[in-house]
Each structure stands twice: as C-alpha cells, then as structure tokens.
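Survey of secondary and tertiary structure
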Amino acid sequence: MKELIVRSISGLLYISIVIFAMFAAREWFLLLFFLLGLLAINEFQKLVHLKSYVSYLLLGVFMFFLSYKTFSLNAIYIYVILAMFVNLFLLKDLLIVGRIIPMFEKKKYIALIFYIISGFVFLTLIPYRNGVFTKELIIGVFILIWTNDSFAYLVGKNFGKRKLLERISPKKTIEGFIGGFAGSLIAGFLIFNYTNTLTLTTWLALSVLVSVLGTSGDLIQSKFKRQAGVKDSGTIMPGHGGIYDRLDSIIYSSPFIYAFIEVSNYVS
C-alpha cells in the first residue's frame, strides 16, 4: 500500500510538471525537456557503459538549432529519416536477435544521437506547427501515451495470460497490448472531440502509432536494462525508476509521430 501511494504521488508530480510546462510557454516546455533529456542521456550511458560529455553538448546544440531556432527544415527532415532508420534497426534487433548482447562502441554513439537525442528533439518539434506552439497537440500525444500504458498495465495485470516477448519483458502480455491499443483508440476519439487540432482519422492513426511504437520503445528500453542487469534506469522518480523509464515510449515514437503529422499536413 505504501509503495502504491509513493508511486501515485511521484507520478502525479511528474504529470503536473509536464502539463504546467506545456501550458506556461514554449520556452518552458523546451527547457523542461532539455533538462529531462540530460537526465535520460545520463541514465542511458550508464546502461550501455559509456562515458561521454559530448552527448550532453549535442543535445543542447540539436535542440537549439532544430527545436528552438529551426534553422533548416531540410536538416530536420534528414535527421528524422535517419532517426527512424536507426529506431527500426533497434526494433529489428529486438525481434530477430535471440541473444541479448552488448552494443559495440560505435553503435552506442549512433543510438545516443539518433535514438535518445532525436527522441527529445522531435518530441519538442511535434507541437510547433507553422510557427505556432500548439500545446493541445503535444498534450494529446502524451494522453495517448499515458492511456496506452495505463490500459496495458490494468488489462495485462488482470487478464494477461499470453506473453508478448517473454525473454525481454516477462510481465508484458498480448492481452495487455490489446488493452492498451483499445484504450489509445478511445483516447484518440475523445481528444478529437475536445480539441480543434487534427482530423479524427489523424488522431486515430496516431493512436495506432503510439500504441505499437510506444510498446516497441518500452521493450527496447527493457532490452537495454537486461543488458545492464538492472531493474530501472534510475532512481529519480520513487516507484517509477528513472526519467528514461518514464519517457521510453515517447523517446522512441516521437520521430515517427513528427514525420506522420508532417506528411498528413502536406497531403491535406
């Protein structure tokens, strides 16, 4: 009971800070996720046994010139293509490679730049549409993430029997994934009805993306933790683990979400 109370308080505090930053101003939103990005990089580097101070500098440079100043759309498009390619490679490794093996040194830097850092860059680019910070858009995406995680946990805990990927995450079940998928679709429908940002088709498509890719991101992070032999990536959030634990779904899926919204806007 005590653990549940601590977990609930910690989670509510985290959600409150995130939502406050989104409503306050674009600069506060960028600052918050820059700081969270620094923490996530630190946790990731510990998991893969890498010591690099350059990665923190790269996060600042990428977020300033791509997220804040947006000096070149072409550079952003090239970066998102490379990020999606690397993320799909990580997913391929997750699904195909049977053994959990350590990453080579070069792969660690590639993962840092095109998986972790890109996750924060595109997370902060998602709500910036046509020179305007659309907070409803990023709040909606986070609601999809949180709903998917919550429904997956509740359904999996109460009805889960068949394992989703037992060698990586023994607690995740197919029933839980289906529950998260259904919850995300319901959330997408409700977000459409209460906001004036995207079409119903786009929100439902985003719900599918978030459910599939968010779960993939969670499993990929679980693989890194199994490689390191740890339960959580950090201890900064009592009952939840580290920042990387909390943001693994959005870190992985944000390049795909950004690309999908860009293509949808272009087509429409």
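Description of the structure in this document. Worth saying up front: this structure is predicted, and the values here are computed from it rather than measured. (Residues numbered from 1 in each chain as written. Predicted model: local features only at pLDDT ≥ 70, side-chain atom pairs only at ≥ 80, totals over all residues. Heavy atoms only, no water.)

1. What to know about the overall build of the protein chain
If you tally the helices and strands in the protein chain, you get nine helices and four strands. Mapped in sequence order, the helices and strands of the protein chain form the string α-α-α-α-α-β-β-α-β-β-α-α-α. At 18 Å, the protein chain has a C-alpha radius of gyration in line with the 18 Å of a compact globule built from 268 residues. Counting only C-alpha atoms, the protein chain reaches 45 × 45 × 35 Å along its principal axes. Burial analysis of the protein chain (268 residues in total) assigns 48% to the buried set. In the structure as shown, the protein chain presents an accessible area of about 13800 Å², 69% of it carried by carbon and sulfur atoms. In the protein chain, 25 side chains carry a positive charge and 14 a negative one; their mean positions are 4 Å apart. (Helix = DSSP H or I, 4+ residues; strand = E, 2+ residues; numbered from the N terminus. Rg over C-alpha atoms; globule rule 2.2 N^0.38 Å. Buried < 20%, exposed > 50% of the residue type's maximum accessible area, 1.4 Å probe, protein only. Areas by Shrake-Rupley, 256 points an atom, 1.4 Å probe, with all protein chains shown as cover. Lys, Arg positive; Asp, Glu negative; His and termini not counted. Charge placed at Lys NZ, Arg CZ, Asp CG, Glu CD.)

2. Some words on a nonpolar patch on the surface
On the surface, a cluster of nonpolar side chains totalling about 580 Å² of accessible area is made up of Leu57, Val61, Phe64, Phe65, Tyr68 and Phe71. Tracing the chain through its elements places Phe64 in helix α3 (residues 54-68). (Patch = residues over 30% accessible without salt bridge, like charges linked within 9 Å, V, L, I, M, F, W, Y side chains within 5 Å. Salt bridge = Lys/Arg side-chain N within 4 Å of Asp/Glu carboxyl O.)

3. A few points about the packing of aromatic side chains
This model, assessed by the stated rule, comprises 20 aromatic pairs. Relative to Phe181, the ring of Phe177 lies with its centre 6.3 Å away and its plane at 40°, an arrangement referred to as tilted. Linking Phe177 with Phe181, this pair stays in helix α7 (residues 174-194), spanning four residues, or about one helical turn. What makes Phe181 partly exposed here is its relative accessible area of 27%. Site record: aromatic cluster; members linked through ring pairs are Phe44, Tyr115, Phe224, Tyr244, Tyr252 and Phe256. The cationic tip of Arg26 hangs over the ring face of Tyr128; the distance from NZ or CZ to the ring centre is 3.7 Å. (Phe/Tyr/Trp six-rings, centres within 6.5 Å; stacked < 30°, edge-to-face > 60°. Lys NZ or Arg CZ within 6 Å of the ring centre and 35° of its normal.)

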